Amino acid sequence: MAVATAAALLAALGGALWLVSRRFVGSRAQRLHGHGDPALMHGKTVLITGANSGLGRATAAELLRLGARVIMGCRDRARAEEAAGQLRRELAQAAGPAPDAGGAGELIVKELDLASLRSVRAFCQELLQEEPRLDVLINNAGIFQCPYMKTEDGFEMQFGVNHLGHFLLTHLLLGLLKSSAPSRIVVVSSKLYKYGDINFEDLNSEQSYNKSFCYSRSKLANILFTRELARRLEGTNVTVNVLHPGIVRTNLGRHIHIPLLARPLFSLVSWAFFKSPLEGAQTSIYLASSPEVEGVSGRYFGDCKEEELLPKAMDESVARKLWDISEVMVGILK
Ligand SMILES: NC(=O)C1=CN([C@@H]2O[C@H](COP(=O)(O)OP(=O)(O)OC[C@H]3O[C@@H](n4cnc5c(N)ncnc54)[C@H](OP(=O)(O)O)[C@@H]3O)[C@@H](O)[C@H]2O)C=CC1
Ligand SMILES: CC1=C(/C=C/C(C)=C/C=C/C(C)=C/C=O)C(C)(C)CCC1
């Protein structure tokens, strides 16, 4: 009995030490790649969708630190202004009492609801009037496993926001990206694409709705979109790449129901095993800024390295068909 208790205590102590050391090591390894030049993004304009929270917020913070003019495309102005204020304060604190004048970038908040094609069009119209250039577009915003809902235009919400909203956004900004070339498009997908399929006969999930399948389908659509766009952009000096960030502690899981009593345990587990937003944002930052990926297009990345895709994510005929149907759905082609 005494031996069993001692063993249990030792195991608990060992586990706790391991968790703490993992966090300690993790915090030292938050930045996977050195951004060498602190003014790497000076003079560059970057648009990040969903930049008020999680990965988008961390990506905005880093690119701002590297000197970019960062446009935060967010659906809720109040939440976005609050995040922008915090980011500006963090930057000022990091700069200390004698900030390097002209070194850090600039943050601009703009309203963009990807669940509304009207909002996407209004956002782009304003951006095209105000911005002479766009060097990087980061399609980051996303919604995960929500209950069945439709966008303003009647699309299943996850497919509508994660794929179709970004599809129209990219289409409307492509001219500016081309005239700003060399320029980059970065698409945030997920490893969960593996469990999705593009079921063309029910893209709005009216016959049946499975929230996990629909999330995976939208993330597979992100990859097929990237590969088809890369093909169409050959020779333009505009590149497009897609990534998965790993499992990251963000607000994405807001629609997952966890019983009240289990939440502390879940928080502990996520604290120990999930990446921090800054760790999770490394591949987005890398693809947006690193000279290493200059000219690289149509590839899939994780942890700042290229990874292989399943055949279903490389199927050119599915990618073309999805492209054609998406054009009709967002009203580019009647
Ligand atoms: N966290 C993870 O483990 C993983 C995340 N990802 C992907 O990373 C991306 C970022 O997610 P993450 O940072 O984790 O999650 P968060 O929920 O923290 O951030 C998502 C962002 O998307 C915004 N958003 C949601 N719906 C809309 C909309 N209709 N219009 C405009 N913006 C919208 C949210 O705005 P608001 O704050 O107003 O809700 C928020 O800013 C997503 O594409 C997600 O699929 C992929 C794999 C794993
Ligand atoms: C961290 C965390 C949660 C979980 C989030 C999860 C599990 C998100 C997983 C997202 C993945 C794997 C997306 C892949 O594309 C909860 C439930 C909101 C509770 C509060 C803390």
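Residues numbered from 1 in each chain as written. Chains lettered and ligands numbered in written order. Predicted model: local features only at pLDDT ≥ 70, side-chain atom pairs only at ≥ 80, totals over all residues. Heavy atoms only, no water.

What follows concerns the sheet that holds strand S6 (residues 238–244). Strands sit in the order S3-S2-S1-S4-S5-S6-S7-S8 across an open sheet of eight strands; the sheet is mixed. In the strand order of this sheet, the two ends are held by strand S3 (106–111) and strand S8 (305–306), each with one partner. One ladder, built from three bridges, connects strand S1 (residues 45–49) with strand S4 (residues 136–139); its direction is parallel. Among the inter-strand pairings, Ile 48 is bridged to a residue of S4, identified as Ile 138. (Pairing = 2+ DSSP bridges. Helix = DSSP H or I, 4+ residues; strand = E, 2+ residues; numbered from the N terminus.)

With that out of the way, let us pick up the environment of Ser 290. By secondary structure assignment, the location of Ser 290 is in the loop between helix H9 (282–289) and strand S7 (300–302). In this structure Ser 290 comes out as buried when scored by relative accessible area, which is 8%. Considering only alpha carbons, one finds Ser 290 and Asp 37, 253 residues apart in sequence, at a separation of 10 Å. Those residues in contact with Ser 290, other than ones at most four positions away along the chain, are Arg 184 and Ile 285. (Buried < 20%, exposed > 50% of the residue type's maximum accessible area, 1.4 Å probe, protein only. Contact = heavy atoms within 4.5 Å.)

Another aspect to go through is the site of ligand 2. Close to ligand 2 lie Phe 144, Ser 190, Leu 192, Tyr 215, Leu 252, Gly 253, Ile 256, Ile 258, Phe 266, Ser 270 and Phe 274, which account for all nearby residues. At 2.7 Å from an oxygen atom of ligand 2 is found a side-chain nitrogen or oxygen belonging to Ser 190. Side-chain polar atom of Tyr 215 to an oxygen atom of ligand 2: 2.6 Å apart, as the coordinates give it. Surface burial for ligand 2 is 78%, taken as the share of its 540 Å² of free accessible area covered by protein chains. For the shell around ligand 2, the class distribution of residues is eight nonpolar, three polar and no charged. (Near = heavy atom within 4 Å. Polar contact = N/O pair within 3.5 Å; in protein donor to acceptor, adjacent residues only side chain to side chain. Areas by Shrake-Rupley, 256 points an atom, 1.4 Å probe, with all protein chains shown as cover. Nonpolar A, V, L, I, M, F, W, Y, C, P; charged D, E, K, R; others polar.)

With that settled, consider the side chain of Lys 110. Following the sequence through the fold, Lys 110 ends up in strand S3. Classification of Lys 110 as buried rests on a relative accessible area of 5%. Within the local environment of Lys 110, its side chain forms a polar contact with the side chain of Glu 126, the two groups lying 3.1 Å apart. Apart from the residues lying within four places of it in its own chain, the contact partners of Lys 110 are Ile 71, Met 72, Gly 73, Cys 74, Arg 77, Phe 123, Glu 126 and Glu 130.

Let us look at the pattern of salt bridges. Taken as a whole and assessed by the stated rule, the structure comprises 19 salt bridges. The closest approach of N and O atoms between Glu 106 and Arg 69, which form a salt bridge, is 2.9 Å. Remark: Arg 69 occurs in strand S2 (residues 69–74) and Glu 106 occurs in strand S3; sequence separation between them is 37 residues. Classification of Glu 106 as partly exposed rests on a relative accessible area of 41%. The exposure class of Arg 69 is partly exposed, given its relative accessible area of 24%. (Salt bridge = Lys/Arg side-chain N within 4 Å of Asp/Glu carboxyl O.)

Turning to helix H5 (residues 157–179), a few remarks are in order. Counted at 1.5 Å a residue, the expected span for H5 with its 23 residues is 33 Å, and the 32 Å between its end C-alpha atoms agrees. Of all the bends in H5, the greatest measures close to 45° and is centred on Leu 173. Taken across its 23 residues, H5 has 18 buried, putting it largely inside the fold. (Expected span 1.5 Å × (residues − 1). Bend = angle between axes of the 7 residues up to and from the residue.)

All we've got here are geometric facts, nothing functional implied.
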